Amino acid sequence: MAFSLDPKKKYYNRLFERKTYIFHLALGCMLSILGFYRIKYINFQEVGYFMPLLFLLFFRLFDWVVLKMQGRHILVVTKGDRVPSDYKWWTDGLFTLLSMITPILVSSLILMKLKQNPGILGGPYKDAVKIDLITNQ
């Protein structure tokens, strides 16, 4: 199933089933809880733990948009796949790209905000001193 050239038979289509999606969402939530702990007590760079949950949420959001526009689920077509006749690059391709890039951008935004204000989380970073690299203060 995963090695099919037909995008409608690829493994990601199981995410459209409610039971499978909820299972993956629960795993993503558990990983995010671990990420929150690691951000709070170990290192800010641990925002990658939030990416699976963010991907699942954005993938479902963009799938819903395509479902409303096209009346079918999103199609992810990669190099070498057979392109179905109902594939539209401006909906399927654009929203697939956005569902892959948006979690990375949101995680980077979270990391930048945490570095600017480390006291947000509490923990050992609540008394951290901010150093301005330009004026050395």
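Keep in mind that what you see is a predicted model, and the values were worked out from it rather than measured.

Here we take up the environment of Leu5. Within the secondary structure, Leu5 is located in the segment before α1 (18-41). The exposure class assigned to Leu5 is partly exposed, which follows from its relative accessible area of 44%. A sequence separation of 72 residues divides Leu5 from Val77, and the C-alpha atoms of the two residues are 9.0 Å apart. Beyond its immediate chain neighbours, meaning those up to four positions away, Leu5 contacts Gly80, Asp81 and Arg82.

Scanning all chains against the criterion turns up seven aromatic pairs. Relative to Phe59, the ring of Tyr12 lies with its centre 6.3 Å away and its plane at 90 degrees, an arrangement referred to as edge-to-face. With Tyr12 in the segment before α1 and Phe59 in helix α2 (residues 51-70), the pair connects residues that are 47 residues apart, well separated along the chain. Measuring from ring centre to ring centre gives 6.2 Å for Phe58 and Phe62, while their planes differ by 25 degrees; the resulting arrangement is stacked. Of this pair, Phe58 and Phe62 both sit in helix α2, four residues apart, roughly one helical turn. Here the aromatic residues Tyr12, Phe16, Phe55 and Phe59 are joined through ring pairs into a cluster of three or more. Above the face of the Tyr21 ring, Arg60 is positioned so that its terminal group lies 4.3 Å from the ring centre.

Residues Tyr12, Leu15, Phe16, Tyr21, Leu56, Phe59, Phe62, Val66, Ile74, Leu75, Val76 and Phe95 constitute the largest nonpolar core, which totals twelve residues. The greatest single-element share of this core, amounting to four residues, is contributed by α2. Phe16 has contacts with Phe59, Arg60, Asp63, His73 and Ile74, leaving out every residue within four places of it along the chain. With seven residues, the next largest nonpolar core counts Phe44, Phe50, Leu111 and Leu114 among its residues.

A cluster of nonpolar side chains, namely Leu31, Leu34, Tyr37 and Tyr41, defines an oily patch on the protein surface of about 370 Å² accessible area. In this structure, Tyr37 sits in helix α1. Under the relative-accessibility criterion, Tyr37 is labelled partly exposed at 47%.

Rules used in this analysis
- Residues numbered from 1 in each chain as written.
- Predicted model: local features only at pLDDT ≥ 70, side-chain atom pairs only at ≥ 80, totals over all residues.
- Heavy atoms only, no water.
- Helix = DSSP H or I, 4+ residues; strand = E, 2+ residues; numbered from the N terminus.
- Buried < 20%, exposed > 50% of the residue type's maximum accessible area, 1.4 Å probe, protein only.
- Contact = heavy atoms within 4.5 Å.
- Phe/Tyr/Trp six-rings, centres within 6.5 Å; stacked < 30°, edge-to-face > 60°.
- Lys NZ or Arg CZ within 6 Å of the ring centre and 35° of its normal.
- Core = buried A, V, L, I, M, F, W, Y, C linked by side-chain atoms within 4.5 Å.
- Patch = residues over 30% accessible without salt bridge, like charges linked within 9 Å, V, L, I, M, F, W, Y side chains within 5 Å.
- Areas by Shrake-Rupley, 256 points an atom, 1.4 Å probe, with all protein chains shown as cover.
- Salt bridge = Lys/Arg side-chain N within 4 Å of Asp/Glu carboxyl O.

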